[in-house]
Amino acid sequence: MKTFLSAAVSIALLLSATQAMAQDKKQLAFVVNAASDFWKLAEAGVKKAQAELPNYELQFKYPAQGTAALQNALMDDLVAAGTDAIMISSVDPKTSIDAFNRIAGQVPLFTTDSDAPDSNRIAYLGSSNTLAGVQAGEVAVKALPGGAKCMGFVGFLGADNAKERIAGFRQAVEGKGIELVDVRGDDVDFARARSNVDDVLAANPEINCMVGFYSYNPPKIYEALQAAGKLGQITVIAFDEDPITLGAVKDGSFAGTVVQQPFEWGYQGMKLMAAYLEGDKSQIPADKLIIVPTKIIDKGNVEEFEANLKATLGK
């Protein structure tokens, strides 16, 4: 009986010590803007960082829906639960400044994917969305030497990443006979993303070019064009590396896609926040912008890119 009690006490003490150690670990959180396969690469980056940061507990969080209100409530919950630093891809930075400043007054706040430069965030780590838009425009100029009328499709029309990509695209095609007639938003509603393309095909026969500005938009364009028997008849410029998008680039259905490096956002973002919490602010540049380059993927380099992508994801 004495041996049994001694063992029970030892187990209780061990559990207590383990819990204390877990509570002693600083917590870092990466908050995304919506549930999308695009974020799997960032999640893989966070997982790699976790292996290199044993004294930290890293969390990857999706809001229940892609709204600013739910994102901001999620950050409040994270702070209340003891999270020590947060990186966020904001749905709508312009309307979230007060919420961001409230969070930033309690823990270090960083942005990724879509910046909030008017807030008290420490720094932005991610793509230059303007330059990515310019690259998409360059794909269009190369593919459409005779000019075109394009329709764009995007998730959040009000998000900085969307507005900057659109502005960059327009900048690159200016004077080239290519017009971005309009951009249709869908608020990351995949059914609406598809119906937006169907509606354009039905109502705008003059459109001979389509641009998918968010990762899931090009696959929805592909679906709609395939259903309408128009694959290859309308030039498509894409963003990101959805498997359908890469397949379409490979078979020539899409002119090309502009890819980001979300894996690096997750990996570098966690390492950056850990260093900051430890007092190392040397990685924060004067302009508070840490730009991770984007790249054009076309038929000439898509297979090499796909192989590297599978290796990154461990597939």
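To keep things clear, this report deals only with the structure shown in the data block. All of these numbers come straight from a predicted model, not from anything done at the bench. Residues take numbers from 1 onward in each chain, read along the sequence in its written order. In keeping with the model being predicted, local features are shown solely for residues with a pLDDT of at least 70 and side-chain atom pairs are shown and tallied solely at 80 or more, while totals for entire chains, interfaces and linings include all residues. Note: side-chain values were computed over all heavy atoms of the structure, leaving out hydrogens and water.

The next thing to look at is the side chain of S36. When you line up the elements, S36 lands in the loop between β1 (26-31) and α2 (40-52). Burial classification: accessible surface area is computed with a 1.4 Å probe over protein chains only, and a residue below 20% of its type maximum counts as buried, one above 50% as exposed, and the rest as partly exposed. Classification of S36 by relative accessible area gives buried; the value is 16%. When near neighbours in sequence (up to four residues on either side) are disregarded, S36 contacts Y62 and S215. Helix and strand assignments come from DSSP, with helices taken as H or I runs of at least 4 residues and strands as E runs of at least 2, each series counted from the N terminus. Contacts are assigned to residue pairs with any non-hydrogen atoms lying within 4.5 Å of each other.

Glancing now at helix α5 (residues 129-143). Given 3.6 residues per helical turn, the α-helix brings residues three or four places apart onto the same face. Multiplying one less than the number of residues by 1.5 Å gives the expected span of a helix. The terminal C-alpha atoms of α5 lie 21 Å apart, and with 15 residues this matches the ideal 21 Å at 1.5 Å per residue to within 8%. Every buried residue of α5 is accounted for by N129, A132, G133, V134, Q135, A136, G137, V139 and A140. The inward-facing, buried residues of α5 abut β5 (124-126), α6 (160-173), β7 (178-185), β9 (235-239), β10 (256-259) and β12 (295-297).

Next up on the list: unusual backbone geometry. In the Ramachandran plot, D187 falls in the positive-phi region, its phi being about 55° despite a non-glycine side chain. One can find D187 in the loop between β7 and α7 (190-203). On the basis of relative accessible area, D187 is assigned to the partly exposed category, the value being 45%.

The six strands lie next to each other as β7-β6-β8-β9-β10-β12, forming an open sheet whose pairing is mixed. The sheet is open, and its two edges are formed by β7 and β12, each paired on a single side. Across the sheet, the mean angle separating the axes of adjacent strands is 20° when strand polarity is ignored. Judged from the three bridges that link them, β9 and β10 form a sheet pairing that is parallel. Its bridge partner being in β10, F239 is matched across the sheet by V258. Strand pairing follows a simple DSSP-based rule, namely that at least 2 bridges must link the two strands. Here, axes are lines fitted to C-alpha atoms. For helices the fit covers the stretch in contact, and angles between N-to-C directions go from 0 to 180 degrees.

Glancing now at empty space enclosed by the protein. Cavity and pocket criteria rest on a 1 Å grid covering protein atoms alone: a 1.4 Å probe that fits but cannot get out defines a cavity, protein on both sides within 12 Å along at least 5 of 7 lines defines an open pocket, and an atom within 4 Å of a point defines a lining residue. Grid points are joined across faces, edges and corners, and a volume is the space filled by probe spheres set on the points. Summed over the entire model, instances satisfying the criterion amount to two cavities of 30 Å³ or more. In this model, the largest cavity occupies a volume close to 130 Å³. Lining the largest cavity are 15 residues, with N33, F38, W39, Y214 and S215 sitting closest to its centre. Lining the second largest cavity are P93, K94, I97, A116, P117, D118 and D160. For this scheme, ten residues count as nonpolar: Ala, Val, Leu, Ile, Met, Phe, Trp, Tyr, Cys and Pro. Four count as charged, namely Asp, Glu, Lys and Arg, and the remainder, Gly too, count as polar. Its residues placed into classes, the lining of the second largest cavity shows four nonpolar, no polar and three charged.

With that settled, the discussion passes to the pattern of salt bridges. For this document, the term salt bridge refers to a Lys or Arg side-chain nitrogen within 4 Å of an Asp or Glu carboxyl oxygen. Enumeration according to the criterion identifies 13 salt bridges in this entry. Between D160 and K94 there is a salt bridge, with the nearest N and O atoms lying 3.0 Å from each other. Taken as a pair, D160 in helix α6 and K94 in the loop between β3 (85-88) and α4 (97-104) lie far apart in primary sequence, 66 residues in all. Using a relative accessible area of 47% as the deciding quantity, one classes K94 as partly exposed. Residues E306 and K250 are paired through a salt bridge, measuring 2.6 Å at the closest nitrogen-oxygen approach. One end of the pair, E306, is in helix α11 (residues 302-313); the other, K250, is in helix α9 (residues 243-250), with 56 residues separating them in the sequence. The network of salt bridges with common partners includes R194, D198, K220 and E223.

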